[in-house]
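Overview (structure and organization)
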Amino acid sequence: MDKPWKISRGPIAATELDVEKANAINVLLIRPVGVLPAKAGDPVLPFAVGLFNELRPLLKPDAGVTTLRRATAAYVHCRRYYFASAQPDSMRHSLEGEPVEPLSSEDRLVAQKRFLSLKQTTGKADAPEETAPVPTPLLSKSQQIRAALLGKRNAAS
């Protein structure tokens, strides 16, 4: 696997879990950002290099940078983000969700390897990750963020 994929699967649709992770980021910001999916089925868009530095000024005064960094890491280190980044036609996107530049073949290859590694680890095919329907309790912001970041781990309990 020394070469990036040549056949595109087209836009990679976000799952409910991806949207939860995106919401964990948006809840920390003074306004939602267009690069994140708002609902299941929206495309997963790879971030432009340095996008985190553009997110930091949008941080709410009561939210911490470390929390934003963790929420962002949870989003960008998931299987579908890597899968979207590994596509031959994948583009990096601005805060508003506008394409700014293609991913380099090196970055696509790294994403491809990480995707395949995660896919093998979980033992799942490229299918949307299923989440059990749970009634939404009223949670504080920190509880919502923690739930989104730990949701996958708690689902296994």
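Up top you'll find the structure we're talking about.
A brief report on the enclosed structure follows. (Residues numbered from 1 in each chain as written. Predicted model: local features only at pLDDT ≥ 70, side-chain atom pairs only at ≥ 80, totals over all residues. Heavy atoms only, no water.)

Observations concerning the packing of aromatic side chains
One pass over the full model with this rule turns up 4 aromatic pairs. A ring pair is formed by Tyr-75 and Tyr-81, whose centres lie 5.7 Å apart and whose planes are at 65°; its orientation type is edge-to-face. As far as burial versus exposure is concerned, Tyr-75 and Tyr-81 are alike and both buried. Considering the side-chain rings of Phe-83 and Phe-115, the 4.4 Å spacing of their centres and the 20° angle between planes classify their relative orientation as stacked. Of this pair, Phe-83 sits in helix α4 (residues 79-86) while Phe-115 sits in helix α5 (residues 105-122), and the two are 32 residues apart along the sequence. Across the pair, exposure class does not vary: Phe-83 and Phe-115 are buried alike. Through a chain of ring-to-ring contacts, three or more aromatic side chains come together here, namely Phe-47, Tyr-75 and Tyr-81. (Phe/Tyr/Trp six-rings, centres within 6.5 Å; stacked < 30°, edge-to-face > 60°. Buried < 20%, exposed > 50% of the residue type's maximum accessible area, 1.4 Å probe, protein only. Helix = DSSP H or I, 4+ residues; strand = E, 2+ residues; numbered from the N terminus.)

Quick word on the nonpolar core
Residues Leu-28, Val-33, Leu-36, Phe-47, Leu-68 and Tyr-75 are the most contacted members of the largest nonpolar core, which totals 36 residues. For this core, the secondary-structure elements that each account for two or more residues are α1 (16-26), α2 (51-55), α3 (65-76), α4, α5 and α6 (141-155). With 5 residues, the single largest contributor to this core is α4. Leaving out residues up to four positions away in the same chain, Leu-36 has contacts with Ala-22, Ile-25, Asn-26, Phe-47 and Tyr-75. (Core = buried A, V, L, I, M, F, W, Y, C linked by side-chain atoms within 4.5 Å. Contact = heavy atoms within 4.5 Å.)

Some details on α5
An ideal rise of 1.5 Å per residue puts 26 Å on 18 residues; α5 measures up with 26 Å between its terminal C-alpha atoms. Among the residues making up α5, those that are buried are Arg-108, Leu-109, Ala-111, Gln-112 and Phe-115. End-on view of α5: buried residues confined to an arc of 160°, all on one side of the axis. For α5, the exposed residues lying more than 90 degrees away from the buried face are Glu-106, Gln-120 and Thr-121. For α5, the secondary structure elements touched by its buried residues are α4. (Expected span 1.5 Å × (residues − 1). Arc of directions from axis to C-beta.)

Looking at the pattern of salt bridges
Counting across every chain of the model gives 4 salt bridges. Between Arg-31 and Glu-96 there is a salt bridge, with the nearest N and O atoms lying 3.5 Å from each other. Placement of the pair is Arg-31 in the loop between α1 and α2 and Glu-96 in the loop between β1 (91-93) and β2 (99-102), with a sequence separation of 65 residues. Relative accessible area serves as the criterion here: at 49%, Glu-96 is assigned to the partly exposed category. Two residues, Arg-92 and Asp-107, come together in a salt bridge whose shortest N-O distance is 2.7 Å. Here Arg-92, found in strand β1, pairs with Asp-107, found in helix α5; they are 15 residues apart in sequence, far enough to count as distant. Asp-107 gets classed as partly exposed once you look at its relative accessible area, which sits at 32%. (Salt bridge = Lys/Arg side-chain N within 4 Å of Asp/Glu carboxyl O.)

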